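Residues per chain, in single letters:
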Amino acid sequence: MGSVKIQNMTKTFGDFTALHDINLDIKEGEFFALLGPSGCGKTTTMRCVAGFENPTSGSIYIGDREVENVPANKRNCGMVFQSYALFPHMDVFDNVAYSLNIKHLNASNPIKRLSIFGRLLSKRLGKYPDDIRNKVMEILEYVELDQHANRLTSELSGGQQQRVALARALVMEPAVLLMDEPLSNLDQKLRHSMRNTIRTIQQDLGITTIFVTHDQEEAMSMADRVAVMDKGHIVQIGTPTDLYSNPQTPFIANFVGTSNILKGTVAAEENGMTVMKGEGFQLKSSNKAKNKDVDIIIRPEHVRVEPADSVIDPLQTNVIEGEVIMSTYLGSIVRYDVQVGSYQLIVDTTYSSGANIFQEGKKVKLTVDHERVLLI
Amino acid sequence: MKRIKNGFSGLTVIKVLIYIFFGLFMLLPLFSVFIVSFTGQPTNLLGALTDSTIFNSTLEKLKGISLESYKKVFSNSGYLTALKNSLLLAFLVMIIVILVCIPLAYGIARTKMPFKKTISALCMIPLIVPTFISAYAFIIMFGRAGWVTQIYNALGGEGMLLNPYSMAGVVVVQVFFFFPYALWPLVAAFKVSDISLEEASLNLGAKSWFTFVFVTFPLALPGVISSALLIFTVSFSDFGTPIVLAPKELNLLVVEAYREISGFFNWGGAAILTVVMVIVAAFFFYLQHLFTKGKNYGSVSGKPKQQKLVENKLVNRSLSLYSLLIVLVPLLAMLSVALQSVATTWGKDLLPSGYTLNHYKTIFSTSMGNIQNSIMLATGALVLSVIIATFVSYFVVRQNSAKLDFMTSIPLVVPGIAFGIALIQTFNTAPLQLTGTALLLIIAYTIRRLPYMVRSTMGSMRAIKQDIEEAAINLGATPLTAAITIVGPLMLPGIAAGSVLVFVTVIKETSISVLLAPPEWAPMSLAIFQNILRAEYYSAAAMSVVLVVLVLALQGIANLLSRKQQLK
Ligand SMILES: Nc1ncnc2c1ncn2[C@@H]1O[C@H](COP(=O)(O)OP(=O)(O)OP(=O)(O)O)[C@@H](O)[C@H]1O
Ligand SMILES: [Mg+2]
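Everything numeric here is computed off the predicted structure, so don't read it as measured data. (Residues numbered from 1 in each chain as written. Chains lettered and ligands numbered in written order. Predicted model: local features only at pLDDT ≥ 70, side-chain atom pairs only at ≥ 80, totals over all residues. Heavy atoms only, no water.)

A.B. asks: Quick question: what am I supposed to make of the overall build of chain A here?
C.D. replies: Along the backbone of chain A there are nine helices and 20 strands. Computed over the C-alpha atoms, the radius of gyration of chain A is 26 Å, more than 25% above the 21 Å expected from 2.2 N^0.38 for a compact globule of 376 residues. Oriented by its inertia axes, the alpha-carbon framework of chain A measures out at about 90 × 50 × 35 Å. Counting the 376 residues in chain A, one finds 52% classified as buried. The contacts in chain A between residues at least 6 apart in sequence include a share of 66% that link residues at least 24 apart. Of the roughly 17500 Å² of accessible surface on chain A, a fraction of 49% belongs to carbon and sulfur atoms. Counting 39 positive and 45 negative side-chain charges, chain A places the centres of these two groups 5 Å from one another. (Helix = DSSP H or I, 4+ residues; strand = E, 2+ residues; numbered from the N terminus. Rg over C-alpha atoms; globule rule 2.2 N^0.38 Å. Buried < 20%, exposed > 50% of the residue type's maximum accessible area, 1.4 Å probe, protein only. Contact = heavy atoms within 4.5 Å. Areas by Shrake-Rupley, 256 points an atom, 1.4 Å probe, with all protein chains shown as cover. Lys, Arg positive; Asp, Glu negative; His and termini not counted. Charge placed at Lys NZ, Arg CZ, Asp CG, Glu CD.)

A.B. asks: Would you mind showing me how to read the overall build of chain B here?
C.D. replies: Secondary structure summary: chain B contains 27 helices and zero strands in total. Looking at chain B as shown, the accessible area adds up to about 25100 Å², and 68% of this sits on carbon and sulfur atoms.

A.B. asks: Help me out: how do you make sense of the sheet that holds strand S5 (residues 65–66) of chain A in this one?
C.D. replies: Working definition: the strands of a sheet are paired by backbone hydrogen bonds and lie parallel or antiparallel to each other. Residue and element names in this part refer to chain A. Judged by pairing direction, the sheet is antiparallel, and its four strands sit side by side in the order S2-S1-S4-S5 without closing on themselves. The open sheet has two edge strands, strand S2 (16–26) and S5, and neither has a second partner. With two bridges joining them, strand S4 (residues 57–62) and S5 adopt antiparallel strand pairing. Residue isoleucine 62 lies in a different strand from S5, and its bridge partner there is arginine 65. (Pairing = 2+ DSSP bridges.)

A.B. asks: Help me out: how do you make sense of the site of ligand 1 in this one?
C.D. replies: All names here are of chain A. Around ligand 1, the neighbouring residues are Phe13, Phe16, Ala18, Ser38, Gly39, Cys40, Gly41, Lys42, Thr43, Thr44 and Glu181. A distance of 2.7 Å is found between an oxygen atom of ligand 1 and a backbone nitrogen or oxygen belonging to glycine 39. Within the backbone of cysteine 40, an N or O atom sits 3.2 Å from an oxygen atom of ligand 1. Put simply, the parts of the chain that give the shell around ligand 1 at least two residues each are S2 and helix H1 (42–50). When residues in the shell around ligand 1 are grouped by element, the largest group, three residues, is from H1. Of the residues in the shell around ligand 1, the class split is four nonpolar, five polar and two charged. (Near = heavy atom within 4 Å. Polar contact = N/O pair within 3.5 Å; in protein donor to acceptor, adjacent residues only side chain to side chain. Nonpolar A, V, L, I, M, F, W, Y, C, P; charged D, E, K, R; others polar.)

A.B. asks: Would you take a moment to explain the packing of aromatic side chains for this structure?
C.D. replies: Each pair of aromatic rings is reported with the distance of its centres and the angle of its planes. Scanning all chains against the criterion turns up 23 aromatic pairs over all chains. Each ring, one from A:Phe251 and one from A:Phe255, has its centre 5.5 Å from the other, and the planes form 10 degrees; the classification is stacked. On the criterion of helical spacing, the pair formed by A:Phe251 and A:Phe255 is a turn pair, its members being four residues apart in helix H9 (residues 250–255). Taking the relative accessible area as the measure of exposure, A:Phe255 reaches 19% and is therefore buried. Ring plane angle 80 degrees and centroid distance 5.8 Å describe the contact between B:Phe21 and B:Phe22, whose orientation is recorded as edge-to-face. (Phe/Tyr/Trp six-rings, centres within 6.5 Å; stacked < 30°, edge-to-face > 60°.)

A.B. asks: Would you mind showing me how to read the pairing of strand S17 (residues 333–340) of chain A here?
C.D. replies: Here is the key point about a regular strand: its side chains alternate between the two faces of the sheet. All names here are of chain A. Pairing analysis gives seven bridges linking strand S16 (residues 318–330) to S17, with the strands arranged antiparallel. Looking at S17, one finds that leucine 330 is bridged to isoleucine 333. Hairpin connection of S16 to S17: two residues between the antiparallel strands, including glycine 331 at a positive phi of 65 degrees. The sheet contact formed by S17 and strand S18 (residues 343–350) spans eight bridges and is antiparallel. Paired with aspartate 337 across the bridge in S18 is isoleucine 346. Two successive antiparallel strands, S17 and S18, enclose a turn made up of two residues, where glycine 341 displays a positive phi of approximately 55 degrees.

A.B. asks: So what exactly am I meant to see when it comes to the sheet that holds strand S12 (residues 273–278) of chain A here?
C.D. replies: In space, the five strands of this open sheet follow the order S13-S12-S11-S14-S20 (chain A), with antiparallel pairing throughout. A single partner strand is all that each edge strand has here, and the edge strands are strand S13 (281–285) and strand S20 (374–375) of chain A.

A.B. asks: Got a minute to help me understand the packing of helix H2 (residues 92–106) of chain A against helix H24 (residues 479–508) of chain B in this structure?
C.D. replies: At a minimum axis distance of 13 Å, the contact between H2(A) and H24(B) shows a crossing angle of 135 degrees. The orientation of H2(A) relative to H24(B) falls into the category oblique. Between H2(A) and H24(B) lies a crossing of right-handed hand. Within the contact between the two elements, H2(A) uses A:Tyr98, A:Ile102 and A:Leu105 and H24(B) uses B:Thr481, B:Ala482, B:Thr485 and B:Ile486. In terms of residue class, the contact of H2(A) with H24(B) is made up of five nonpolar, two polar and no charged. (Axes fitted to C-alpha atoms, helices over the stretch in contact; angles between N-to-C directions. Parallel < 35°, antiparallel > 145°, perpendicular 65-115°, else oblique. Left-handed = near helix turned anticlockwise from the far one by under 90°.)

A.B. asks: Just checking my understanding: could you explain the pairing of strand S19 (residues 363–368) of chain A for this structure?
C.D. replies: All names here are of chain A. With five of its six residues buried, S19 lies for the most part within the structure. Pairing of strand S15 (residues 303–307) with S19 involves five bridges; the strand directions are antiparallel. Along S19, the bridge assignment pairs valine 305 with leucine 366. One ladder, built from six bridges, connects S16 with S19; its direction is antiparallel. The residue of S19 that forms the bridge with glutamate 323 is lysine 363.

A.B. asks: Would you explain the interface of chain B and chain A in this entry?
C.D. replies: Many structure descriptions define interface size as the accessible area lost when the parts assemble. Tallying the contact residues gives 23 residues for chain B and 32 residues for chain A. Both faces combined, the contact of chain B with chain A buries some 2400 Å², and carbon together with sulfur accounts for 61% of it. One salt bridge in this structure joins A:Arg47 and B:Glu470, with 2.7 Å as the shortest N-O distance. Among the secondary structure elements, those contributing two or more residues to the side of chain B that touches chain A are helix H1 (2–5), helix H23 (466–474) and H24 of chain B. Partitioned by chemical class, the residues of the side of chain B that touches chain A number eleven nonpolar, seven polar and five charged. (Buried area = accessible area lost by both parts, 1.4 Å probe. Salt bridge = Lys/Arg side-chain N within 4 Å of Asp/Glu carboxyl O.)

A.B. asks: What am I meant to see in the environment of B:Pro180 here?
C.D. replies: All names here are of chain B. Relative to the helices and strands, proline 180 is located in helix H11 (residues 167–192). In this structure, the C-alpha to C-alpha distance between proline 180 and isoleucine 231, residues 51 residues apart in sequence, is 9.6 Å. Contact partners of proline 180, with chain neighbours within four places excluded, come to Cys123, Pro126, Leu127 and Pro185.

A.B. asks: How should I be thinking about helix H4 (residues 130–142) of chain A in this particular structure?
C.D. replies: At 3.6 residues per turn, the α-helix brings residues three or four places apart onto the same side. All names here are of chain A. For H4, built from 13 residues, the straight-helix expectation of 18 Å at 1.5 Å per residue is met to within 8% by its first-to-last C-alpha distance of 18 Å. If you check which residues of H4 are buried, you get Ile132, Val136, Ile139 and Leu140. Down the axis of H4, the buried side of the element spans an arc of 105 degrees, and every buried residue falls inside it. Every exposed residue of H4 that faces more than 90 degrees away from the buried side is listed here: Asp130, Glu138 and Glu141. (Expected span 1.5 Å × (residues − 1). Arc of directions from axis to C-beta.)

A.B. asks: Hey, could you run me through unusual backbone geometry in this one?
C.D. replies: Negative phi is the rule for most residues except glycine; trans is the rule for most peptide bonds. Residue and element names in this part refer to chain A. Notably, asparagine 8 is not glycine yet its phi reads approximately 45 degrees, a positive angle. Examined against the element boundaries, asparagine 8 turns out to sit in strand S1 (residues 4–13). A positive phi angle, near 40 degrees, is found at glutamate 181, a position not held by glycine. If you trace the backbone, glutamate 181 turns up in the loop between strand S7 (176–180) and helix H6 (188–205). Exposure remark for glutamate 181: the relative accessible area of 10% places this residue in the buried category.

A.B. asks: Would you explain the pattern of salt bridges in this entry?
C.D. replies: In a structure, side chains of opposite charge can pair up when their charged atoms sit close to one another. Using the criterion set out here, one finds 16 salt bridges over all chains in the structure. Across the pair A:Glu53 and A:Arg47 runs a salt bridge, and its minimum N-O distance is 3.4 Å. Taken as a pair, A:Glu53 and A:Arg47 share a single burial class, namely buried. Taking the shortest distance from any N to any O, the salt bridge between B:Arg448 and B:Glu509 comes out at 2.9 Å. Of the two residues, B:Arg448 is situated in helix H22 (residues 438–463) and B:Glu509 in the loop between H24 and helix H25 (511–516); the sequence distance between them amounts to 61 residues.

A.B. asks: I'm lost on the state of the cysteines in this one. Help?
C.D. replies: Chemically, a disulfide is nothing more than a covalent bond linking the sulfur atoms of two cysteines. Counted by the stated rule, this structure contains zero disulfides over all chains. Free cysteine: B:Cys101, not disulfide-bonded; nearest cysteine sulfur from B:Cys123 at 7.9 Å. (Disulfide = S-S within 2.5 Å.)

A.B. asks: When you look at the environment of B:Ile95 in this model, what are you seeing that I'm missing?
C.D. replies: Structurally, the position occupied by B:Ile95 is in helix H6 (residues 77–110). For the pair formed by B:Ile95 and B:Ala282, sequence separation is 187 residues and the distance between their alpha carbons is 19 Å.

Right under this line is the structure:
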């Protein structure tokens, strides 16, 4: 029922192509994130699903239904807008009840319609039937807003407005929930707690969710799977761990988490190891290289820093010599910028009190395990 | 393709209906007047579409198209002088209004002159009074038996200080009753012109008059020119003042056109005059548009700077005195009308010989119908324009319908008399014989005042973000339902503001009422107009007072509403 499939979708605005041949297969109940930098086409993709834009070519399925000829108001996609788009002239209750009213409207005779129009325009002009009232109050309780049912939306805090928008979309029991950067208008703290709220609700209801964001941390911590987009293309789709440990392009390696990216050439293959050389370093990796010229990806937290005089077996692990240029405390970790040849590598080490911190200008040895050296 | 399928059917139907409305009641009449100006005989274009005999006879007439009638007209010295006189009148009024307004606008915008609030408030008077009433008020003041004339004579003057029945009379009335149209744009121009440049000039040691002439004024110049052109069009199109004041020998286009129709049923002549009027008005409107385009005063320097107001006592006092004198004239004119409405007789002496409420009794017993008619017609026009304007602004703002935007601004350039003539000509005969019905009258009022309504609704439409509407659609509403339940209510403030404007201007409307209103639907403006022509001055005065009070009351309600809105 709630799966979403996008096949070979292209979208052009005039002679600008915003989406190139997008393919997505989102499973029922999945929390799916669209991640990418500004302008890469996330919103456009979502608007195509919601029916506000028409793909130039390709097709979209919601459930088993091809939706090309289904207008936006019949797609049953609950959308949470970036700006929330709450109706400013209605209170919280009326906002949430809107879709239920519309459902009633479409199912009634002309005389009843008039009274529904009445209550859509003003509470005083029509009474809500009990089923709507109960359902709205239930969902408001669920998002902990039942106390504020009769407030105007402008009288709510950002987080509360966010929850009204969520409740308004959820009350219609949509096949898919679409959220376009729903947290970007909230402050840092609230964002973290709303992440949990949204994730919990999604798990609770088992509702298929497409979540647009340009914040990789958000995508990685919330989603079951993530599609990374760049310039209208989908670059990689995978689970957060998959993306992290197997980035398929330098772009992803950089976008998903922090990476050190080095250019190298394959010098030899020996004992299942790939040996690479680059400017001022030599590295071995237990991963296979596809080409002779490779991008070498090393995550900052996979590097250890040792004193320059320590003795390490070069057969067990990679050893690189460098010089500390800067060290920074980041809460529980210490981040070093280390000059290696022409590269500055970022190294994150967990900080335990009393441990030795390498000062600027200090010569050090860096070690990286062979399986941690990723090749693209 | 899909856009249309997206449940747009309801909205599309409405869009088509609006096009039909404008096509039928605005473009077609204007077009047929254009044709008639060549054929010289009435042409029934609608009939030609439905009836083959009419079609054939129309074809015959079209074959007879020639510039003959235009040639005849321009050799007809009467028409030519009318054009010259009308242009001269508009030109004089334009120049004088600007000269009068510059000190006034500067005083309001840039100084701490005393009585500023009072002066600003009094500047509203001319805007609420129909021009034919102002013209008539000037007769009470400056006429042969007017009180000003009497004072003038008592002081030793000969004859009249100013003969109201002359070009000068028309000019003076228009100046005193049209100046607020230029005043407020000028005030705005003076307020935003970059004050730091002026300060720089003063810092460099320039005298303040020098700064005004060479810095302040040039900066406000685009605003000045645009206001001047606006006044030109307003004066050129005005019907109320000339019809009351212009003497027989002073030919003016509007009066001439009116006489050709209502006196002689000379369709050809009236049509040519109409075409000329529209062309002139459109040209000046276009010029004005050129000057305002791209000059959004509000955004000249982003945030308005805190302006230093002139505190020089001498400058402020003389500006204040001057401004009070200017605004006093329309006030006195209206007071004269009020005084006449309670006078038994007035004319022999400086003051009325006695006072009575009989004139009011008379109009409330005999003319109650006119008051009702005015209110009903204005309500009809109001409802129609609210509906049309709401949808038009929806189409213009959301669907970028430039065509509709253009179409709804056409009425701005068509003088009332010209539009009236075009409508009569077109709907005189079957298949759509509407001349003489209240319906055509309401439609005419609606089209004429729609631009104001559209501006007002478009403003609030722009303020509604698109995603709010999309949210409604996403929640299952069709675009039409979303428009009614979400967009409509959010536009209410704009609609309310526009409504008052439409209502008030329709009640004041003269030219359309005079041409199109059938006796059983005669509104107040027509009744007053006829009373004046019949020299029944006392009941005209009483009715004028009722009209002005009605307009004032409405304006008051509107102000109250908008203040409440702002408080929210
Ligand atoms: N209606 C439109 N007309 C023309 N170009 C458009 C339109 N809508 C989007 N675009 C273009 O398509 C590209 C993708 O836009 P989109 O809004 O999908 O980006 P996004 O990934 O959501 O970015 P952001 O993170 O900034 O919201 C942009 O370059 C944008 O300029
Ligand atoms: Mg976006």
